[in-house]
Amino acid sequence: MMRKWIVLSLIACSCVLSAQEAPFFEVDPSFPKPLPTGWINGQVGGICIDSHDHVTIVDRRNITEEETETAVPTPPIMMFNLEGDLINSFGNPDLVPRGIHSCFFDTEDNVWVGGNQDSIAQKYSHAGKLLMQIGTKDVFDTVDGTLQGEALNSGKEHLHRPSAVVVDPDNGDIFISDGYGNRRIVVFDKNGNFLRQWGRQATEAEIVAGTPGTFANTVHCIAMNNSGEIYVCDRFGDRIQVFNKMGGYLRSIHIGEKTHSRGTAWSVAFSPDLEQEYLYVVNGGWEKIEILDHASGISLAAFGRPGHQIGHFTHAHTVAVDSTGSIYVAETSTGRRVQRFNRSN
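Residues numbered from 1 in each chain as written. Predicted model: local features only at pLDDT ≥ 70, side-chain atom pairs only at ≥ 80, totals over all residues. Heavy atoms only, no water.

A. Geometry of the sheet that holds strand β18 (residues 219-224). Read across the open sheet, the four strands follow the order β18-β19-β20-β21; overall the sheet is antiparallel. Edge positions in the open sheet fall to β18 and β21 (249-254), since each of these has one partner strand only. On average, adjacent strands in this sheet sit at an angle of 20° to one another, irrespective of strand direction. (Pairing = 2+ DSSP bridges. Helix = DSSP H or I, 4+ residues; strand = E, 2+ residues; numbered from the N terminus. Axes fitted to C-alpha atoms, helices over the stretch in contact; angles between N-to-C directions.)

Here it is as structure tokens:
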């Protein structure tokens, strides 16, 4: 009798999910407006949105030699309003993290950035003043302190090519996905003092088994939901691993119907409703945005395809959502742009 009840319950749950209407999005060609004359984007390594719906992107400034004949790279950090106007830009190109990667606004609208070719994470005021730095530039968490050295995955003061940052709104603890050189989540208090870490490189057997707390390769993103759970992109493991704040494993959400040589789990954002009903994930390997039911992790829909036309993606990299529910996608490699998709249902 109990087995029959379980089966009926699962069928009922499946019916509810299948009846759930997935949000539908349409590309908005009006965003952003043209940059100032002479400016040109390099790879757009990250995108994030503050409490005022200011859309901020981080730019790697890696334009081609030919482009330098007619243009200059943009500042590393640029801020736009919802109308697409550039309202601020800042960042010393020699001081920001090399390979600037992802960005995040804390509750005070300070912006945090990492860098996949550097050993630092930085915090800037909303106006662009450097407020804090974790790690020492060009001193990596390796056996010899160099970029090429063997990763230690254990530094309490040093990082190794950090990909992203999220800050706990309750106490200011700083969670960093130290993930291009190391394979860990490392946590510091609001003053930058080391607290704890978890994660390591998976073995081949662990990759196949999906062993919790191990990562197939790059630890590509980190985010926190309204319940305080930590979402981590195990990019080449094709999954989002979910932990509590102390590193206790909760579940995995598998991304995409099949794997890809570049991995599928690149970046994650939540719908803006209090319950955060939907989870949006950049499936970078297949160049699309996956729309999932947040609670179950079940895929509901997707949009996007490889290409250079509007609404298509070339190296879709990171995702952010504004208070109206619009989705923003930043592209690296030869994509080098940001696109906005407005919800239409």
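On we go from here.
B. How the structure looks around the nonpolar core. In this structure, Tyr280, Phe303, Ile327 and Val329 are the most contacted members of the largest nonpolar core, which totals 16 residues. Taken together, the elements giving at least two residues each to this core come down to β23 (278-283), β24 (288-293), β26 (316-321) and β27 (327-331). Sequence-distant contacts of Phe303, that is, excluding residues within four places in its chain, are made with Phe25, Lys288, Ile289, Ile291, Phe313, Ile327 and Phe341. Within the second largest apolar cluster, 14 residues are counted, among which are Tyr231, Cys233, Val281 and Leu292. (Core = buried A, V, L, I, M, F, W, Y, C linked by side-chain atoms within 4.5 Å. Buried < 20%, exposed > 50% of the residue type's maximum accessible area, 1.4 Å probe, protein only. Contact = heavy atoms within 4.5 Å.)

C. The sheet that holds β27, seen in detail. If you walk across this open sheet you meet the four strands as β1-β28-β27-β26, and the pairing is antiparallel. Both outer strands of the open sheet, β1 (25-28) and β26, are each paired with one neighbouring strand and no more. Going across the sheet, the axis of each strand differs from the next one's by a mean of 30°, ignoring polarity. Pairing analysis gives four bridges linking β1 to strand β28 (residues 337-343), with the strands arranged antiparallel.

D. Layout of the environment of Asp53. Tracing the backbone shows Asp53 in the loop between β3 (44-49) and β4 (55-59). Taking the C-alpha atoms as reference, Asp53 lies 14 Å from Cys103; in sequence the two are 50 residues apart. In this structure, Asp53 is in contact with Phe80, Asn81, Leu82, Asp322 and Ser323, ignoring residues within four places of it in sequence. A distance of 2.4 Å separates polar atoms of two side chains, one belonging to Asp53 and the other to Ser323. (Polar contact = N/O pair within 3.5 Å; in protein donor to acceptor, adjacent residues only side chain to side chain.)

E. Fine view of the state of the cysteines. Summed over all chains, the structure comprises two disulfides. Each disulfide pairs two cysteine sulfurs, and for Cys48 the partner residue is Cys103, the sulfurs being separated by 2.3 Å. Taking the sign of the torsion about the S-S bond as the criterion, the disulfide between Cys48 and Cys103, at about -115°, is left-handed. In this pair, Cys48 sits in strand β3 while Cys103 sits in strand β8 (residues 100-105), placing the two residues 55 residues apart along the sequence. In this model Cys221 forms its disulfide with Cys233; the gap between the sulfur atoms is 2.0 Å. In this structure the cystine formed by Cys221 and Cys233 twists about its S-S bond by roughly 65°; its chirality is therefore right-handed. On the criterion of sequence distance, the pair formed by Cys221 in strand β18 and Cys233 in strand β19 (residues 230-234) is long-range, its members being 12 residues apart. With respect to class, Cys221 is no different from Cys233; both count as buried. Numbered in order of appearance, the disulfide-bonded cysteines of the chain are paired 1-2, 3-4. (Disulfide = S-S within 2.5 Å.)

F. Up close: the layout of surface pockets. Considered as a void within the structure, the largest pocket measures approximately 1,100 Å³ in volume. In this structure, the largest pocket is lined by 42 residues; those nearest its centre are Ile49, Phe104, Phe105, Met224 and Phe270. Of all elements in the fold, only β3, β8, β12 (164-167), β18, β22 (267-270) and β26 reach the threshold of two or more residues within the lining of the largest pocket. Of the residues contributing to the lining of the largest pocket, the split by class is 22 nonpolar, 12 polar and eight charged. (1 Å grid on protein atoms, 1.4 Å probe; cavity = no way out; pocket = protein on both sides within 12 Å on 5 of 7 lines; lining within 4 Å. Points joined across faces, edges and corners; volume = space filled by probe spheres on them. Nonpolar A, V, L, I, M, F, W, Y, C, P; charged D, E, K, R; others polar.)

G. Structural detail: the confidence of the model for the chain. Looking at the chain, pLDDT values average 94 and 94% of them are 70 or higher. In this model, residues 1-18 is a region of pLDDT below 50 whose contacts with residues beyond four sequence positions or in other chains number four contacts. (pLDDT = per-residue confidence, 0-100.)

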